[in-house]
Amino acid sequence: RGVFAGGQTDSPENSQLAIIDYINIHSFGNTIDFGELRTADSRVSGCASAIRGLFAGGSSPSDNDDIDYVVISSEGNSVDFGNLSEARQTIGGSSSSTRGIWAGGRAPSGVNTIDYSEISTLGNALDFGDLTQSREWTTATSSPVRSLIANGENVSNIDSVVIASAGDAKSFGDLTVSRGGVGAVSNGVRGVFGGGNPASARNIIDFM
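Residues numbered from 1 in each chain as written. Predicted model: local features only at pLDDT ≥ 70, side-chain atom pairs only at ≥ 80, totals over all residues. Heavy atoms only, no water.

Remarks on the overall build of the protein chain
Per the secondary structure count, the protein chain includes zero helices and 19 strands. The C-alpha atoms of the protein chain give a radius of gyration of 16 Å, which matches the 17 Å a tight globule of 208 residues would have. Expressed as lengths along the three principal axes of its C-alpha atoms, the size of the protein chain is roughly 40 × 35 × 35 Å. Expressed as a percentage of its 208 residues, the buried residues of the protein chain come to 44%. Pairs at least 24 apart in sequence give 43% of the contacts found in the protein chain among residues at least 6 apart. Summing over all exposed atoms, the protein chain offers an accessible surface of approximately 9900 Å²; the carbon and sulfur share of this is 50%. Of note, the protein chain has its 13 positive side-chain charges centred 7 Å away from the centre of its 23 negative side-chain charges. (Helix = DSSP H or I, 4+ residues; strand = E, 2+ residues; numbered from the N terminus. Rg over C-alpha atoms; globule rule 2.2 N^0.38 Å. Buried < 20%, exposed > 50% of the residue type's maximum accessible area, 1.4 Å probe, protein only. Contact = heavy atoms within 4.5 Å. Areas by Shrake-Rupley, 256 points an atom, 1.4 Å probe, with all protein chains shown as cover. Lys, Arg positive; Asp, Glu negative; His and termini not counted. Charge placed at Lys NZ, Arg CZ, Asp CG, Glu CD.)

Take a look at the structure:
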């Protein structure tokens, strides 16, 4: 299953949404109602184990530090998990099978903070380390071992951390074009980064 949470509408303008939808990834079709977030929110970041999905931060309408969770195999409203170390939105979320990483974000400008959460427990996020530079509109993806944290407003640098440890990020490389608000996916071997702003970069797909 894939699970999607929050967002905003154009009409009424920038209205926050509490909607949680899901899809069955192996099939085709529209999303199905899963439940609702505790608070209507947009610019939420997600990560997951095979059992739980976590949603953190966002703009509702101001920056917040909430972490919610759902059990992916069931439906229902999200439940309080804990809090980030600081309120922020547009965070790069990624995970191994046990640990979630929350990197960068906007609070209200870019930050270099990296937090982590143990997905199977409840509680506040803990300090992991720092990015090589502050960034907002951050995107992340991961293998079971390593998280790659990319982009930001006018930032092309990609950082990496080893998820099972703690410490500051190290430089991994660069995107082909500096851009923010990129979408990222991974199959555990290859990471793919697509789209973003400015408009001239919206059809670009990079991989590593």
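Here the narrative resumes, following the displayed structure.
Regarding the sheet that holds strand 9 (residues 92-95)
Within a sheet, adjacent strands bond to each other through the backbone by hydrogen bonds, running parallel or antiparallel. Spatial strand order, 9-10-11-12: four strands in an open sheet with antiparallel pairing. Each edge of the sheet is formed by a strand with only one pairing partner; in this case those strands are strand 9 and strand 12 (126-135). Pairs of neighbouring strands in the sheet enclose a mean axial angle of 20°, with direction left out of account. Here five bridges tie strand 10 (residues 99-103) to strand 11 (residues 111-118), and the two strands are oriented antiparallel to one another. Looking at the pairing, Ile101 lines up with Tyr116 of strand 11. (Pairing = 2+ DSSP bridges. Axes fitted to C-alpha atoms, helices over the stretch in contact; angles between N-to-C directions.)

Some details on the pairing of strand 3 (residues 15-23)
In the sheet, strand 1 (residues 2-5) pairs with strand 3 via four bridges, with the strands oriented antiparallel. Bridge assignment links Ala5 to a residue of strand 3, and that residue is Ile20. Taken together, the two bridges between strand 2 (residues 8-9) and strand 3 define a ladder with antiparallel strand orientation. Of the residues in strand 3, the one forming a bridge with Gln8 is Gln16.

Let's talk about the side chain of Ser59
As for its placement among the helices and strands, Ser59 is situated in the loop between strand 6 (52-56) and strand 7 (66-71). On the basis of relative accessibility, which here comes to 8%, the residue Ser59 falls in the buried class. When sequence neighbours within four positions are dropped, the list of residues in contact with Ser59 reads Gln16, Asp41, Ser42, Arg43, Asn64 and Gln89.

A few points about the sheet that holds strand 6
Overall, antiparallel pairing links the four strands, which are arranged 5-6-7-8 in an open sheet. The open sheet has two edge strands, strand 5 (45-48) and strand 8 (79-83), and neither has a second partner. Each strand axis lies, on average, 25° off the axis of its neighbour in the sheet, ignoring direction.

Considerations on the pattern of salt bridges
Between side chains of opposite charge, pairing is possible as soon as their charged atoms come close. Under the criterion given, the structure shown has eight salt bridges. Linking Arg135 and Asp159 is a salt bridge whose minimum nitrogen-to-oxygen distance equals 3.5 Å. Remark: Asp159 occurs in strand 15 (residues 157-162) and Arg135 occurs in strand 12; sequence separation between them is 24 residues. Of the two residues, Arg135 and Asp159, neither departs from the other in class, the shared state being buried. We note a salt bridge from Asp206 to Arg179, for which the minimum N-O separation is 3.3 Å. (Salt bridge = Lys/Arg side-chain N within 4 Å of Asp/Glu carboxyl O.)

Some details on the environment of Asp41
Relative to the helices and strands, Asp41 is located in strand 4 (residues 32-41). Apart from the residues within four sequence positions on either side, Asp41 is in contact with Gly6, Gly7, Gln16, Leu17, Gly57, Gly58, Ser59, Ser60 and Asn64. Here Asn64 takes part through its side chain, which lies 2.9 Å from a polar atom of the side chain of Asp41. (Polar contact = N/O pair within 3.5 Å; in protein donor to acceptor, adjacent residues only side chain to side chain.)

What about unusual backbone geometry?
For residues that are not glycine, phi is negative in most cases, and the peptide bond is trans in most cases. Pro61 follows Ser60 through a cis peptide bond whose omega is -10°. Examined against the element boundaries, Pro61 turns out to sit in the loop between strand 6 and strand 7. Backbone torsion omega between Ala107 and Pro108 reads -5°, so that peptide bond is classified as cis. Summarising the element assignment, Pro108 is placed in the loop between strand 10 and strand 11.

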